[in-house]
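# Remarks on the overall topology
Now for the letters of each chain:
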Amino acid sequence: MQAGDEPLQSRPESISGLSIASVTEVVYEHLRKRILTGMQPGQPLRLNTLAAELGVSTTPVRMALEKLGADGLVLQEGRRSATVAPLSLADFKDIYAVRRCLEGAAARAGTARMDSQDRTAMMAQHQLLDEMASRADPDLDRYLEVEWRMHEICYEAAGHPRMLREIQSFRRQAERYFRLALTEGMNFLEDLEHQREFFHACYRGDAEAAEDVATALLDWTVERVAPILAHSGAMASSTV
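Residues numbered from 1 in each chain as written. Predicted model: local features only at pLDDT ≥ 70, side-chain atom pairs only at ≥ 80, totals over all residues. Heavy atoms only, no water.

Looking along a regular strand, one sees the side chains alternate between the two faces of the sheet. Of the pairings in the sheet, the one linking strand β1 (residues 44-46) to strand β3 (residues 81-84) comprises 3 bridges and is antiparallel in character. Bridge pairing in β3 links Pro 44 to Thr 83. Where strand β2 (residues 74-76) lies against β3, 3 bridges are found, and the strand directions are antiparallel. When the bridges of β3 are listed, Val 74 appears paired with Val 84. Hairpin geometry of β2 and β3 is characterised by an intervening segment of 4 residues between the two adjacent antiparallel strands and by a positive phi of about 85° at Gly 78. (Pairing = 2+ DSSP bridges. Helix = DSSP H or I, 4+ residues; strand = E, 2+ residues; numbered from the N terminus.)

Going through the model one piece at a time under the given rule, you end up with 5 aromatic pairs. Ring centres of Phe 199 and Tyr 203 lie 5.3 Å apart, and the angle between their planes is 40°; this geometry places the pair in the tilted category. You can see Phe 199 and its partner Tyr 203 sitting in helix α8 (residues 188-203), 4 residues apart, about one turn around the helix. Since its relative accessible area comes to 4%, Phe 199 is described here as buried. (Phe/Tyr/Trp six-rings, centres within 6.5 Å; stacked < 30°, edge-to-face > 60°. Buried < 20%, exposed > 50% of the residue type's maximum accessible area, 1.4 Å probe, protein only.)

Pairing between side chains becomes possible if they bear opposite charge and their charged atoms approach one another. Enumeration according to the criterion identifies 16 salt bridges in this entry. Taking the shortest distance from any N to any O, the salt bridge between Glu 175 and Arg 32 comes out at 2.7 Å. Taken together, the residues span a long stretch of sequence, with Glu 175 in helix α7 (residues 161-183) and Arg 32 in helix α1 (residues 20-37) at a distance of 143 residues. By relative accessible area, which is 13% here, Arg 32 ends up buried. The partner of Arg 172 in a salt bridge is Asp 71, with the nearest N and O atoms 3.3 Å apart. Residue Arg 172 is located in helix α7, and its partner Asp 71 is located in the loop between α3 (58-70) and β2; the two are separated by 101 residues in the primary sequence. The partly exposed category is assigned to Arg 172, whose relative accessible area is 28%. (Salt bridge = Lys/Arg side-chain N within 4 Å of Asp/Glu carboxyl O.)

The subject of this paragraph is the packing of helix α6 (residues 140-157) against α7. In contact at an axis separation of 12 Å, α6 and α7 are set at 150° when each is read in the N-to-C sense. By the criterion of interaxial angle, the relationship of α6 to α7 is roughly antiparallel. The interaxial crossing formed by α6 with α7 has right-handed handedness. The residues of α7 that touch α6, namely those facing Leu 140, Asp 141, Leu 144, Glu 147, Trp 148, Glu 152, Tyr 155 and Glu 156, are Leu 164, Ile 167, Gln 168, Arg 171, Glu 175, Phe 178, Arg 179 and Leu 182. (Axes fitted to C-alpha atoms, helices over the stretch in contact; angles between N-to-C directions. Parallel < 35°, antiparallel > 145°, perpendicular 65-115°, else oblique. Left-handed = near helix turned anticlockwise from the far one by under 90°. Contact = heavy atoms within 4.5 Å.)

Spatial strand order, β1-β3-β2: 3 strands in an open sheet with antiparallel pairing. Of all the strands in the sheet, just β1 and β2 have a single pairing partner and so form its edges. Neighbour to neighbour, the strand axes of the sheet diverge by 30° on average, direction disregarded. On the sheet, α3 packs against β1, β2 and β3 and is oriented at approximately 115° with respect to β2.

What follows concerns the nonpolar core. If you look at the biggest cluster of nonpolar residues, it comprises 44 residues, and the most contacted ones within it are Met 122, Tyr 155 and Phe 198. Secondary-structure elements contributing two or more residues to this core are α4 (89-113), α5 (116-133), α6, α7, α8 and α9 (207-231). It is α6 that contributes the most residues to this core, 10 residues altogether. Those residues in contact with Tyr 155, other than ones at most four positions away along the chain, are Glu 103, Ala 106, Ala 107, Trp 148, Leu 164, Ile 167, Phe 198 and Ala 214. Core analysis: the second largest hydrophobic core is formed by 21 residues, Leu 36, Met 39, Leu 68 and Ala 82 among them. (Core = buried A, V, L, I, M, F, W, Y, C linked by side-chain atoms within 4.5 Å.)

Rendered as structure tokens:
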């Protein structure tokens, strides 16, 4: 292992007997979680080192790194080396500008087309958020999973699969920035209040309000994350 590398703390569950595509997905999810929860911008991701640590060939690792590159989490540096992508204020604002347009439209269209089954499913996710918020130390991974699923139910109801795929892609690109805000002191309860407003707008079928809340939630996040990135100049503008 080269100097500056951070060792992976655990391997994925057994991947023997899986297809290359399945192995790639396991490696992708494993590395994505590591990047989101601990790796620093600029940290090396060496192909051979990762393959050896994970007990796989270099092919699924290379494919996973390419997929992480598409998510904006990795910068490729030739065929055998990559680094964790920097956090950029310009990139952050660009991602959220696109999300604002896409998710506002999906919230309006989805709310107008939701049926009773969709509303019941959204209510279940909303109740889970309330339960987590009542805990002294909520699980961030689980909170983000449930929060996103609640939105996704509405967006799926819009009936525009291509739009949904784009939303999911930009959501993945945005996650590091939102996690940064939460780890830098943004209160879960503040976010939860916006999630409640979104749920109630969708549940009562108010498409205009759902669009307004969805875009306001994204604007609220930008207002809190942008100053953090601006203050952390080295993190925001260059690799380490």
